[in-house]
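Listed below are the residues making up each chain.
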Amino acid sequence: MPKVFYTQPDGSERVVEAAAGDSVMQTAVRNGVAGIVGQCGGVLSCATCHVFLAEENAGDFPPVGEDEDEMLDCAATEREDNSRLSCQLVLDDGREVHVTVPEAQL
Amino acid sequence: MTETTSVGTEFPFGPVSPDDAVEHMKRLLADRPMTKVTMPHGGDLWVVHRNRAAKEVLADPRFVREPFRTGERVVPFPVPFPDFLRTTLQFEDPPQHTKLRKLVQKAISPRRVREMRSSAVAFANELIDRMLARDGVHNLVAEYAVPLPIEMLSSLLGVPSSDREKFERWSSSSMSVAGASDSSAADMAELAAYMTDLIAKRREEPRDDLLSSLAHAREKDETLTDAEILPIAFILIVGGFDNTANFITTAVRSLLRSDEQRALFLTDPDGLAPTAAEEVLRHGGFETGNPVGAGGGLVPFVAKEDVLVDGQLIAAGEAVAIDPVSTNHDPATFEEPGRFDITRKDNPHLMLSHGLHHCLGAPLARMELQVGMSEIFKRIPGLRLAGEAEARSDVLTQPMTGLPVTW
Ligand code: FES
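Residues numbered from 1 in each chain as written. Chains lettered and ligands numbered in written order. Predicted model: local features only at pLDDT ≥ 70, side-chain atom pairs only at ≥ 80, totals over all residues. Heavy atoms only, no water.

Student: Whenever I open this one, the sheet that holds strand S1 (residues 3-7) of chain A confuses me. Can you help?
Tutor: Think of a sheet as strands paired side by side through backbone hydrogen bonds, with each pair either parallel or antiparallel. Residue and element names in this part refer to chain A. Strand order in the open sheet formed by five strands is S2-S1-S5-S3-S4, and the pairing between neighbours is mixed. Only two strands of the sheet have a single neighbouring strand rather than two, namely strand S2 (13-17) and strand S4 (83-85). Pairs of neighbouring strands in the sheet enclose a mean axial angle of 35°, with direction left out of account. Two strands pair when backbone bridges link them, and S1 and S2 are joined in this way by five bridges, in the antiparallel orientation. In the strand pairing of S2, Lys3 is matched with Glu17. (Pairing = 2+ DSSP bridges. Helix = DSSP H or I, 4+ residues; strand = E, 2+ residues; numbered from the N terminus. Axes fitted to C-alpha atoms, helices over the stretch in contact; angles between N-to-C directions.)

And the structure:
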């Protein structure tokens, strides 16, 4: 079972057990993790699922696609090198992923 | 009114007290995920009540809108569905939808809206200054809740300030229930002519606004035509003026009616505005004291193939819509759904929908609602109701037209 570690801007952390095939966004929304809205349901049209992906997980997912790149420019919190839209981070079985939630999504 | 205490699980149900409505929905939600109803127009429709099932439907590409757009099927709705709305983004499916949507979304992105926030705060305060200049009873809708979104959307679209008054009329005409007003068709034609003219101007002389960027959008060598831009402008005008004004009015009204939540809000209006705004969207209508009924849904979809949702088969060709009232009061999703709690953290309400067709202006609506409620209570903490609210019933969204307040 994949696991996601969500760190809030204040430093607090929450660990959630996910289902393989779900995204980091879906896992957050289903479990009521604060700070990830996911308004568009994962179709890359809202930029409200922005997260910072931990260095150690950088190679675990396909690189930022063209559409994701464009939408990241729309995010409420300034993007950084490790910015991702969490609806694009689909979890494999057994994966442990660490992400940090940005200051604001809206 | 002795029946109201013995409500069962029927749907639709007539107006009952908000508390009874919450209880009724609790039984309904325990009983089944959705109900098949026959709409006065367009025939049968599955209306989804459970929050999770609703999100499943909204995120599933097998539910489409094409048969409504082409006219192959009449939209199942409580009133005849306004024709012009069928030509908007709401009724496009991917890939055309994706292309148009992306262009607009960038212009109303969370980032862009954050940049607009300080001008919203400044304009809200101008409106409050004008109210404070005169004692007595004021109409919060006309003096505050309507002008704020009009100003923000007009500057986003690039509508000259001198023309903004016309927009108020056009925007409510566009939502008129068919036949309710003779002037509405003429108003709509006027709006279309006005926008076409403005688009032409922006094609020639682009500025830093949405119409200019749509007129000059080149998405992989494709330019948008007037016929594509016009409906986008329409949907923004309709959603942007009317709905947002209603949200702001509901926010103020519900806080004015709850001494406890208002006292809490006044301790930190800016800090509490984000969660308070979401709670107003979810539940504010219940706090205004009006009886609550249920029977409608958001704009429907049609199933392209058989889909099983929460144990219920929705057969190919059947129509399905989300009922925001019950999905926002689902005890499986919301703790104590009947409680008005402006600090509620986990609040996945569906008032702005979800998925592919979620409210295009959601970031803007949220920002305006937050600014609208916090500025007025910061400046006039002694604000109070001075009479009953008035609403228009000849308009689809039944907007409030009057809310007398004083201090
Ligand atoms: S959920 Fe909308 S972009 Fe990720």
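Student: Sorry if this is basic, but what is going on with the interface of chain A and chain B here?
Tutor: Reports of interface size often rely on the accessible area that becomes lost once the parts have come together. In this assembly, 24 residues from chain A lie in contact with 19 residues from chain B. Across the interface of chain A and chain B, roughly 1,800 Å² is buried in total on both sides, 53% from carbon and sulfur atoms. Area buried by chain A at its contact with chain B is led by A:Gln39, A:Cys74 and A:Leu106, which between them contribute 33% of it. B:Arg111 is paired through a salt bridge with A:Glu78; the nearest N and O atoms lie 3.8 Å apart. The tally of links between chain A and chain B comes to four residue pairs in polar contact (both at pLDDT 80 or more). In terms of residues, the side of chain A that touches chain B owes the most to one element, helix H2 (residues 66-72) of chain A, which gives four residues. Looking at the side of chain A that touches chain B, its residues break down into 11 nonpolar, seven polar and six charged. (Contact = heavy atoms within 4.5 Å. Buried area = accessible area lost by both parts, 1.4 Å probe. Salt bridge = Lys/Arg side-chain N within 4 Å of Asp/Glu carboxyl O. Polar contact = N/O pair within 3.5 Å; in protein donor to acceptor, adjacent residues only side chain to side chain. Nonpolar A, V, L, I, M, F, W, Y, C, P; charged D, E, K, R; others polar.)

Student: Honestly, the sheet that holds strand S5 (residues 138-139) of chain B in this entry has me stumped. Any pointers?
Tutor: Residue and element names in this part refer to chain B. Within the open sheet, the three strands sit side by side as S5-S16-S13. Their pairing is antiparallel. This sheet does not close on itself; its edge strands, each paired only once, are S5 and strand S13 (384-385). The pairing of S5 with strand S16 (residues 404-406) spans two bridges and is classified as antiparallel. From the neighbouring strand, Asn139 faces S16, where its bridge partner is Pro404.

Student: Is there a simple way to think about the pattern of salt bridges in this case?
Tutor: Any two side chains of opposite charge can pair, given that their charged atoms come close. Residue and element names in this part refer to chain B. The final tally for this structure, using the stated rule, is 25 salt bridges over all chains. A salt bridge links Arg203 to Asp226, with the shortest nitrogen-to-oxygen separation between them at 2.6 Å. Taken as a pair, Arg203 in helix H9 (residues 183-204) and Asp226 in helix H11 (residues 226-257) lie far apart in primary sequence, 23 residues in all. For Arg344, the salt bridge goes to Glu279, with nearest N and O atoms at 3.2 Å.

Student: Can you help me understand helix H1 (residues 18-31) of chain B in this one?
Tutor: Helical geometry note: an α-helix holds 3.6 residues per turn, so side chains three or four residues apart project in the same direction. All names here are of chain B. The terminal C-alpha atoms of H1 lie 20 Å apart, and with 14 residues this matches the ideal 20 Å at 1.5 Å per residue to within 8%. Those residues of H1 that sit buried are Pro18, Asp20, Ala21, Val22, His24, Met25, Leu28 and Leu29. Here the buried face of H1 lies against strand S1 (13-16), strand S2 (34-39), helix H13 (269-287), strand S8 (292-294) and helix H14 (324-327). (Expected span 1.5 Å × (residues − 1). Buried < 20%, exposed > 50% of the residue type's maximum accessible area, 1.4 Å probe, protein only.)

Student: Just checking my understanding: could you explain the environment of B:His138 for this structure?
Tutor: Residues and elements named next belong to chain B. Looking at the secondary structure, you find His138 in strand S5. Take His138: its relative accessible area is 2%, and that puts it in the buried class. Those residues within four positions of His138 in sequence are excluded, and the remaining contacts are Met131, Glu143, Leu403, Pro404, Val405 and Trp407. Side-chain polar atoms of His138 contact the backbone oxygen of Arg134, separated by 2.7 Å.

Student: Explanation requested: the packing of H13(B) against helix H15 (residues 362-379) of chain B in the structure shown.
Tutor: Between two packed helices, the angle of one axis relative to the other and the distance separating the axes together describe the packing. All names here are of chain B. Interhelical geometry of H13 versus H15 gives an angle of 125° and a closest axis separation of 9 Å. It follows that H13 is oblique to H15 by the angle criterion. Considering the relative orientation of H13 and H15, their crossing is right-handed. Only Arg366, Leu369, Gln370, Met373, Ser374, Glu375 and Lys378 of H15 make contact with H13, whose side of the interface consists of Pro269, Asp270, Ala273, Pro274, Ala276, Ala277, Glu278, Val280 and Leu281. (Parallel < 35°, antiparallel > 145°, perpendicular 65-115°, else oblique. Left-handed = near helix turned anticlockwise from the far one by under 90°.)

Student: Please explain unusual backbone geometry as it appears in this structure.
Tutor: A negative phi angle characterises most non-glycine residues, just as the trans form characterises most peptide bonds. For the bond running from B:Phe11 to B:Pro12, omega is 0°, close enough to zero to count as cis. With respect to the helices and strands, B:Pro12 occurs in the segment before S1. A positive phi angle is found at A:Leu44, which is not glycine, with a value near 60°. As for its placement among the helices and strands, A:Leu44 is situated in the loop between helix H1 (24-30) and strand S3 (50-53). What makes A:Leu44 buried here is its relative accessible area of 15%. Even without glycine at this site, B:Asp310 takes up a positive phi of about 50°. By the element assignment, B:Asp310 lies in the loop between strand S10 (307-309) and strand S11 (312-314).

Any link to function would need more than the numbers given here.
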